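# Observations on the three-dimensional arrangement
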Amino acid sequence: GDSVTQTEGLVTVTEGLPVKLNCTYQTTYLTIAFFWYVQYLNEAPQVLLKSSTDNKRTEHQGFHATLHKSSSSFHLQKSSAQLSDSALYYCALSSNNRIFFGDGTQLVVKP
Amino acid sequence: GGIITQTPKFLIGQEGQKLTLKCQQNFNHDTMYWYRQDSGKGLRLIYYSITENDLQKGDLSEGYDASREKKSSFSLTVTSAQKNEMAVFLCASSGDRGAETLYFGSGTRLTVL
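One structure accompanies this document, and this report is about it.

About the criteria used
- Residues numbered from 1 in each chain as written.
- Chains lettered and ligands numbered in written order.
- Predicted model: local features only at pLDDT ≥ 70, side-chain atom pairs only at ≥ 80, totals over all residues.
- Heavy atoms only, no water.
- Phe/Tyr/Trp six-rings, centres within 6.5 Å; stacked < 30°, edge-to-face > 60°.
- Buried < 20%, exposed > 50% of the residue type's maximum accessible area, 1.4 Å probe, protein only.
- Helix = DSSP H or I, 4+ residues; strand = E, 2+ residues; numbered from the N terminus.
- Disulfide = S-S within 2.5 Å.
- Pairing = 2+ DSSP bridges.
- Axes fitted to C-alpha atoms, helices over the stretch in contact; angles between N-to-C directions.
- Core = buried A, V, L, I, M, F, W, Y, C linked by side-chain atoms within 4.5 Å.
- Contact = heavy atoms within 4.5 Å.
- 1 Å grid on protein atoms, 1.4 Å probe; cavity = no way out; pocket = protein on both sides within 12 Å on 5 of 7 lines; lining within 4 Å.
- Points joined across faces, edges and corners; volume = space filled by probe spheres on them.
- Nonpolar A, V, L, I, M, F, W, Y, C, P; charged D, E, K, R; others polar.
- Salt bridge = Lys/Arg side-chain N within 4 Å of Asp/Glu carboxyl O.

With that settled, consider the packing of aromatic side chains. The full count for this structure, using the stated rule, is 14 aromatic pairs over all chains. A ring pair is formed by Tyr33(B) and Tyr35(B), whose centres lie 6.0 Å apart and whose planes are at 25°; its orientation type is stacked. Neither Tyr33(B) nor Tyr35(B) differs from the other in exposure class; each is buried. For the ring pair Tyr33(B) and Tyr48(B), a centre distance of 6.0 Å and an interplane angle of 25° mean the geometry is stacked. Separated by 15 residues along the polypeptide, Tyr33(B) in strand β4 (residues 31-37) and Tyr48(B) in strand β5 (residues 43-49) bring together distant segments of the chain. Summarising the burial analysis for this pair, Tyr33(B) and Tyr48(B) share the class buried. By the ring-pair criterion, three or more aromatic residues cluster together here, those being Phe35(A), Tyr37(A), Tyr90(A), Phe101(A), Tyr33(B), Tyr35(B), Tyr48(B) and Phe104(B).

All names here are of chain B. This model, assessed by the stated rule, comprises two disulfides over all chains. Here Cys 23 pairs with Cys 91 through a disulfide, and the sulfurs are 1.9 Å apart. Torsion about the S-S bond of the Cys 23 and Cys 91 cystine: about -80°, corresponding to left-handed handedness. Taken together, the residues Cys 23 in strand β3 (residues 19-25) and Cys 91 in strand β9 (residues 88-94) connect sequence positions 68 residues apart. Side by side, Cys 23 and Cys 91 carry an identical accessibility label, which is buried.

Residues and elements named next belong to chain B. Taken together, four strands build an open sheet; the order of strands is β1-β3-β8-β7 and the sheet is antiparallel. Where the open sheet ends on each side, the last strands, each with one partner, are β1 (4-7) and β7 (64-70). Strand-to-strand, the axes of this sheet are offset by a mean angle of 15°, without reference to chain direction.

Glancing now at the nonpolar core. Residue and element names in this part refer to chain A. Counting residues in hydrophobic clusters, the biggest one holds 25 residues, and the most contacted among them are Trp 36, Leu 48, Phe 74, Leu 76 and Tyr 89. Broken down by secondary-structure element, the contributors of at least two residues to this core are β2 (10-14), β3 (19-21), β5 (31-39), β6 (46-51), β8 (63-66), β10 (87-95) and β12 (105-110). When residues in this core are grouped by element, the largest group, four residues, is from β10. Each residue touching Leu 76, except ones within four places of it in the same chain, is listed here: Val 19, Lys 20, Leu 21, Trp 36, Leu 48, Leu 49, Phe 63, His 64, Ala 65 and Tyr 89.

All right, on to the layout of surface pockets then. Summary: where empty space remains is shown by rolling a probe the size of a single water molecule over the atoms. Residue and element names in this part refer to chain A. Approximately 710 Å³ is the volume attributed to the largest pocket. It is β10 that provides the largest number of residues to the lining of the largest pocket, a total of three residues. Split into classes, the residues belonging to the lining of the largest pocket amount to seven nonpolar, 14 polar and six charged.

All names here are of chain A. Residues Arg 98 and Phe 100 line one face of strand β11 (residues 98-101) and the alternating positions Ile 99 and Phe 101 line the opposite face, and both faces are buried. Here four bridges tie β10 to β11, and the two strands are oriented antiparallel to one another. Its bridge partner lying in β11, Ser 95 is registered against Arg 98.

Now for the pattern of salt bridges. All names here are of chain B. Under the definition given, this model contains five salt bridges over all chains. Here Asp 30 ties to Lys 71 by a salt bridge, and the two come within 3.3 Å at their closest N and O atoms. A residue pair is termed long-range when its members are at least 10 positions apart, and Asp 30 in the loop between β3 and β4 and Lys 71 in the loop between β7 and β8 (73-78) qualify at 41 residues. With its nearest N and O atoms 2.8 Å apart, the salt bridge here joins Asp 38 to Arg 36.

That is the geometry; function is a separate question.
What follows is the structure, given as structure tokens:
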């Protein structure tokens, strides 16, 4: 079946340094789109990035991700982490009319 | 823009009690979802509905019922609350099943005594 793997449950980074959150996936159906959702404390999850095109970089709010179907990956990166980026990040894919989420990565940005 | 409203924000029940969570959206979206959020376990799909009066089971439907009597509303019933299902329940909607972005409500936190 389809699944999304986020290998890190917690990532801690110092403000101003680069950060990378890993996301890999398995899919047996036609996958329509890939997403990163972000959930700030006590708020609802909201979409951060969306992509459906192989090898195309997608950017939003300083974050970027590139879908690589050859390696089944959709990692999220930012060149300079900010304190306000501290949140829970979910990678997700939509496939066969279902949406599959990873377990989430808690990002903590320290001063 | 639109909004998804979940009620109540906090729900406290007794073990074995039947409890209902409600969700309203004004996006005019066709598809609505109920997810359960447990710490460290991601978002797990309980039920979804692609149109009024449609119900589809997700991976975690056992112990839950759902109802979609109107396009704008989607309710979830915990048929017999258990202490191990204390979690945050998130409602979401999308314009096109799977292809479009999900819009989430702010959640209902369930506590079972």
